[in-house]
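# Structural overview for review
Chain by chain, the residues run as shown.
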Amino acid sequence: MTLVMNNQTERLRHRRALNADLLGIAAITAIAAIGYFAFPDNLALLTRMITIALLVLSLDLVTGYCGVATLGHAALFGSGAYAAGILSAHYGINDPLLMMLAGITGGALAGLLCGAIILRAHGLPQLVLSIALIHLFHEFANKASSWTGGSDGLSGIAPDPIFGIFEFDLYGHTAFFFGMTLLVIVFVLLRLLVRSPFGMLCRGIRQDPLRIRAMGGSPKAALIKMYVISGAVAGVGGALNAIATQVVGLDSLSFTQSAEALVMLVLGGTGSLFGALSGTVIFMLFEDYVSAANPFHWLTMVGALLIAVVLFAPKGLYGTAAAFIGRYREQRP
């Protein structure tokens, strides 16, 4: 009898997870469709939003699910962007899929390097190491101007049409749909990852690493693996940015980029892929709107929004909403 009830509970849990996945894909598709028809002349903003969403998703893997404090995650994003850009500008390999593969590889290698260094410390020293790394990556890219273009940026990136059919036009239609396809694929894969035994192990490390170690697990090895995966996801965003804009600048390796990504994650809610996506969309739309409405004081408005969220919705906008809905369902008869 107990076995039957356990099987029914497990099937119910899988069904709910599948429904959440389908709902997430539907929500992403719906928001993309609304954005496409609402901003037909500003698809560059929407594509930029997709690239940053991939960066925030990658940050959520190490910060939200693993509890690793970092302010240097743009190093992974920028590495993917430069890897894809260098492949095109210096080697003449302009196939978007190969450029994307280069971006994934560059981001993963940067994740391996950053993870191996950052995970040697804990707490505040860990945060300081991440800041030092992003500055080192930025300075290296600036000095290696023969490869990266330095402060002038890496230009000469000319991606070929996807499958030889879909050209990257001036209006950004191909880049937008290409980005949305990548975002949906990455979202589905990450949903499978965070629900897998490895994903549960990483959550356990965040909550109690000593217990995981006592059970025979290796917290550091698991965290480095997650850092590599996170780097690959950030590399997808970086490569997409290089393909869409056809230029890579030092701003892709800036501390500001890292800090804004963390702000977006906190705004939506850490430890949730939906929170990472919602935080990115809300922050970037709010920033675009208020900067256009009030070019002189828009940072004050953004700051006020963040203070309000931290004080009144400490779990983030999505996290707080999800907790409220959960309590409402529990109270229903």
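In what follows, the structure referred to is the one given above.
Throughout, a residue's number is its position along its own chain's written sequence, starting from 1. Where totals are concerned, whole chains, interfaces and linings use all residues; where local detail is concerned, this predicted model gives features only for residues with pLDDT of at least 70, and gives and counts side-chain atom pairs only at 80 or more. Water and hydrogen atoms play no part in the side-chain values, which are based on all heavy atoms of the structure.

Time to look at the overall build of the protein. Secondary structure summary: the protein contains 14 helices and zero strands in total. Sequence-ordered secondary structure for the protein, helices as α and strands as β, is α-α-α-α-α-α-α-α-α-α-α-α-α-α. We compute the radius of gyration over the C-alpha atoms and compare it with the globule rule, which gives 2.2 Å times the number of residues raised to the power 0.38. Whereas a compact globule of 333 residues would reach a radius of gyration of roughly 20 Å, the protein reaches 20 Å, a difference of no more than 12%. Along the longest, intermediate and shortest principal axes, the C-alpha atoms of the protein span 65 × 45 × 45 Å. Counting from the N terminus, the helices are DSSP H or I runs at least four residues long and the strands are E runs at least two residues long.

For the rest of this paragraph, the subject is unusual backbone geometry. Located in the positive-phi region is Phe163, a residue other than glycine, with phi close to 60°. If you trace the backbone, Phe163 turns up in the loop between α6 (145-148) and α7 (173-195). Backbone geometry at Gln246 places phi at a positive 60°, although glycine is not the residue there. Counting through the fold element by element, Gln246 comes out in the loop between α10 (219-245) and α11 (255-268). Whether a residue is buried, partly exposed or exposed follows from its accessible area with a 1.4 Å probe, protein chains only, as a fraction of its type maximum: under 20%, in between, or over 50%, in that order. With a relative accessible area of 32%, Gln246 lands in the partly exposed category.

With respect to the secondary-structure elements, Ser130 resides in helix α5 (residues 124-143). In this structure Ser130 touches Ala69, Thr70, Leu71, Gly72 and Ile118, once residues within four positions along its chain are discounted. Any pair of residues with heavy atoms lying within 4.5 Å of one another is described as a contacting pair.

Lines fitted to C-alpha atoms define the axes here, with helix axes fitted over just the stretch in contact, and angles between the N-to-C directions of these axes take values from 0 to 180 degrees. At their nearest, the axes of helix α3 (residues 74-89) and helix α4 (residues 96-118) sit 7 Å apart, and the two run at 140° to each other. Here the hand of the crossing between α3 and α4 comes out right-handed. Taking contact as the criterion, the partners of Ala75, Leu76, Ser79, Gly80, Ala83, Ala84, Leu87 and Ser88 in α3 are, on α4, Leu98, Met99, Ala102, Gly103, Gly106, Gly107, Ala110, Gly111 and Cys114. Grouping the amino acids of the contact of α3 with α4 by side-chain chemistry returns ten nonpolar, seven polar and no charged. Crossing handedness follows the turn of the near helix against the far one: under a right angle anticlockwise gives a left-handed crossing, and clockwise gives a right-handed one. Following the grouping adopted for this structure description, the nonpolar residues are Ala, Val, Leu, Ile, Met, Phe, Trp, Tyr, Cys and Pro, the charged ones are Asp, Glu, Lys and Arg, and the polar ones are all others, Gly among them.

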